[in-house]
Amino acid sequence: MTTIAVLGGGIGGLAASYYLCKSPQVTKVIVLESSSRFGGWLWSTRRSDGAVFEHGPRGIRPAGAVGHNTLNMVDDLGLGEDILPVSYSHVASKNRYVYVNKQLHRMPSGLSGLLRTVPPFSRPLLLSLALEILVKKGKEDDESIHSFVSRRLGKELADIAVDSLCRGVFAGDCRKLSVRSCFPVLYNAEQRRGSLTLGMLLGSGPTAVSPPGPLAQKSLTESWAQWSLSRGMESLPESISEYLQQSGRVQLHRDAAVQQITPAASGWKINLEDGVISADHIISALPAKALSSVLPPSCQPLIQSLQDISTVTVAVVNLEYEGYILPVAVRTSQTHTPTPTPTHTLDGALQGRL
Ligand SMILES: Cc1cc2nc3c(=O)[nH]c(=O)nc-3n(C[C@H](O)[C@H](O)[C@H](O)COP(=O)(O)OP(=O)(O)OC[C@H]3O[C@@H](n4cnc5c(N)ncnc54)[C@H](O)[C@@H]3O)c2cc1C
């Protein structure tokens, strides 16, 4: 008899419960979510005319073991028919813009984009990649993404492309984020091959492998860059919740804010506003600050480390156009701005029904 409590009913907590529920070693799973809905950041507003507006994520990458696992789960949940794939050759994948010095620049793509000098960059990207092979391996165990890219590919690429990318993907500052944690593939390429370019060409060592199921296989054959869901990303937590409910082994609790967790003689006690729950193990899928406030004092210095993780407010702007009024050439999936640009102009990811 093994009971596992999962704290937080965002996609992290729900996905953990999905896998736990398949394990023969687990008897019961209890999901505790403080709000009145499951899904966390996966939240879609659906209008009666079919328009879907995402409050959070709107595209998931299919690549690698994590990408395959997610698609295998989506297939198992019966959501395969709802998938909206975007291939690498699609105009929305190619058209990425960066806003620098009050101008919108299309990021170079394809071989010709790598060979030419494309503003705002002052030299062809292929030249930066070729020269990178000559750069000596760093001596630090870890460093910021900005310092890593400046050292290997030049400050210009770090200041413009990587800074914007990190703001878009992590809502974070590339001068503070760890390259080892955020981009392990790049870090491993330098460690194993001494160069990112050689790592890209020859592989950067063993990586986690997850066998692709039929849907993940399709994503490889059709060269998907990203995928979304026709009724919005919230379909995913909705389907997982339904699956968990039907399993008969999972208790899903909404409006159940975890207030404190304490170790007990065997397992853990979890204090809620209106009672106490016991579990043999806990999986936390809470945001860092929320976890820090429920841990027992004996968990220092972890509590302090979690509190020190800073966050910023992120806004997603959804634009809706009547009909197809925009020419295909300006369709874009993302527009990013590097740090020096005033943030009130084009911050965050602009998205719409383009
Ligand atoms: C604006 C935005 C756009 C994004 N776009 C993308 C994208 O396009 N592609 C992509 O792959 N990723 C994207 N991401 C990242 C992705 O959305 C997140 O990584 C992911 O949703 C995090 O899921 P989670 O379950 O870890 O956390 P959350 O979604 O934050 O879930 C945590 C849950 O814990 C609950 N909780 C908090 N405190 C307690 C408590 N005390 N007791 C019980 N429950 C509690 C919360 O209510 C919440 O439901 C985006 C993120 C944001 C913010």
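Per an unreviewed UniProt entry, the chain goes by Protoporphyrinogen oxidase and derives from Cottoperca gobio. Of the comments in the UniProt record for the chain, the one headed Catalytic activity (unreviewed entry) reads "protoporphyrinogen IX + 3 O2 = protoporphyrin IX + 3 H2O2".

## A closer look at the overall build of the chain
Helix and strand content of the chain: 15 helices and 16 strands. Looking at the chain as a whole, 40% of its 354 residues are labelled buried. Look at the contacts in the chain between residues 6 or more apart in sequence, and 65% of them connect residues 24 or more apart. Here the chain displays about 19500 Å² of accessible surface, and carbon together with sulfur accounts for 57% of that area. Of the charged side chains in the chain, 33 are positive and 29 negative; the average position of the first set lies 7 Å away from that of the second.

## Regarding the site of the ligand
Neighbouring the ligand are 23 residues; Gly-12, Glu-33, Trp-41, Gly-59 and Val-258 lie closest to it. A distance of 3.3 Å is found between an oxygen atom of the ligand and a side-chain nitrogen or oxygen belonging to Arg-58. Gly-59 places a polar main-chain atom, nitrogen or oxygen, 2.7 Å from a nitrogen atom of the ligand. For the shell around the ligand, the residue count by class is 14 nonpolar, seven polar and two charged.

## Re the sheet that holds strand 12 (residues 275-279)
Taking strand neighbours across the sheet as the criterion, the three strands line up as 10-11-12 in an open arrangement whose pairing is antiparallel. If you trace the sheet from one side to the other, it starts and ends with strand 10 (258-263) and strand 12, each paired once. This sheet shows a mean twist of 25° between the axes of neighbouring strands, independent of strand direction. As paired elements, strand 11 (residues 268-272) and strand 12 share five bridges and run antiparallel to each other.

## As for the pairing of strand 9 (residues 250-253)
With burial as the criterion, only one face of strand 9 is covered, namely that bearing Val-250 and Leu-252; the residues Gln-251 and His-253 on the opposite face remain uncovered. The pairing of strand 2 (residues 28-32) with strand 9 spans four bridges and is parallel. Residue pairing for strand 9: Ile-30 is matched across the bridge by Gln-251.

## Looking at the nonpolar core
Counting 29 residues, the largest nonpolar core has Ile-83, Trp-227, Leu-236 and Ile-240 as the members making the most contacts within it. Listing elements by their share of this core, those giving two or more residues are strand 1 (3-7), helix 1 (11-21), strand 2, helix 2 (64-76), helix 11 (214-221), strand 8 (224-229), helix 12 (235-247) and strand 9. Of all the elements, helix 1 adds the most residues to this core, at five residues. Dropping the residues within four chain positions of it, Ile-240 is found in contact with Ile-11, Leu-14, Ala-15, Tyr-18, Met-73 and Leu-77.

## Digging into the pattern of salt bridges
All chains considered together, the criterion is met by 13 salt bridges. Put simply, Asp-76 and Lys-22 hold a salt bridge, and the shortest N to O gap is 3.0 Å. Here Lys-22 lies in the loop between helix 1 and strand 2 and Asp-76 lies in helix 2, a separation of 54 residues in the sequence. A residue is classified by how much of its surface remains accessible, and Asp-76, at 39% relative accessible area, is partly exposed. Its salt-bridge partner being Arg-37, residue Glu-234 comes within 3.4 Å of it at the nearest N-O pair. Of this pair, Glu-234 sits in the loop between strand 8 and helix 12 while Arg-37 is found in the loop between strand 2 and strand 3 (44-46), placing the two residues 197 residues apart along the sequence.

## Thoughts on the side chain of His-105
Its place among the elements puts His-105 in strand 7 (residues 103-106). Taking relative accessible area as the criterion, His-105 reaches 12% and is therefore assigned buried. Each residue touching His-105, except ones within four places of it in the same chain, is listed here: Arg-96, Tyr-97, Val-98, Val-100, Pro-119 and Pro-120.

## Regarding helix 6 (residues 145-153)
For helix 6, the set of buried residues is Ile-145, His-146, Phe-148, Val-149, Arg-152 and Leu-153. For helix 6, the buried positions fall inside an angular range of 165° around the axis, keeping them on one side. Looking at the buried positions of helix 6, the neighbouring elements they touch are helix 5 (125-132), helix 7 (155-170), helix 8 (179-182), helix 9 (184-193) and helix 10 (196-202). Immediately beyond the C-terminal end of helix 6, within one or two residues, lies Gly-154, with a positive phi of roughly 110°.

## Observations concerning the UniProt feature "domain: Amine oxidase" (unreviewed entry) in the chain
Look at the UniProt record and you will see "domain: Amine oxidase" (unreviewed entry) annotated at residues 11-323. Its end C-alpha atoms 33 Å apart, residues 11-323 is made of 39% helix and 19% strand.

## Topic: the environment of Asn-72
Tracing the backbone through its elements, the reader meets Asn-72 in helix 2. As a C-alpha pair, Asn-72 and Leu-215 span 143 residues in sequence and 6.7 Å in three-dimensional space. The contacts of Asn-72, once residues within four sequence positions are left out, are Ser-210, Pro-211, Pro-212, Gly-213 and Ala-216. From its side chain, Asn-72 meets the backbone nitrogen of Gly-213 in a polar contact 2.9 Å long.

## Here's the deal with the state of the cysteines
Tallied over the entire structure, the rule returns zero disulfides. Here Cys-182 stays unpaired: no disulfide links it, and the sulfur of Cys-166, its closest cysteine neighbor, is 6.6 Å away.

Conventions adopted
- Residues numbered from 1 in each chain as written.
- Predicted model: local features only at pLDDT ≥ 70, side-chain atom pairs only at ≥ 80, totals over all residues.
- Heavy atoms only, no water.
- UniProt positions renumbered as here; feature names shortened; annotations may be inferred.
- Helix = DSSP H or I, 4+ residues; strand = E, 2+ residues; numbered from the N terminus.
- Buried < 20%, exposed > 50% of the residue type's maximum accessible area, 1.4 Å probe, protein only.
- Contact = heavy atoms within 4.5 Å.
- Areas by Shrake-Rupley, 256 points an atom, 1.4 Å probe, with all protein chains shown as cover.
- Lys, Arg positive; Asp, Glu negative; His and termini not counted.
- Charge placed at Lys NZ, Arg CZ, Asp CG, Glu CD.
- Near = heavy atom within 4 Å.
- Polar contact = N/O pair within 3.5 Å; in protein donor to acceptor, adjacent residues only side chain to side chain.
- Nonpolar A, V, L, I, M, F, W, Y, C, P; charged D, E, K, R; others polar.
- Pairing = 2+ DSSP bridges.
- Axes fitted to C-alpha atoms, helices over the stretch in contact; angles between N-to-C directions.
- Core = buried A, V, L, I, M, F, W, Y, C linked by side-chain atoms within 4.5 Å.
- Salt bridge = Lys/Arg side-chain N within 4 Å of Asp/Glu carboxyl O.
- Arc of directions from axis to C-beta.
- Disulfide = S-S within 2.5 Å.

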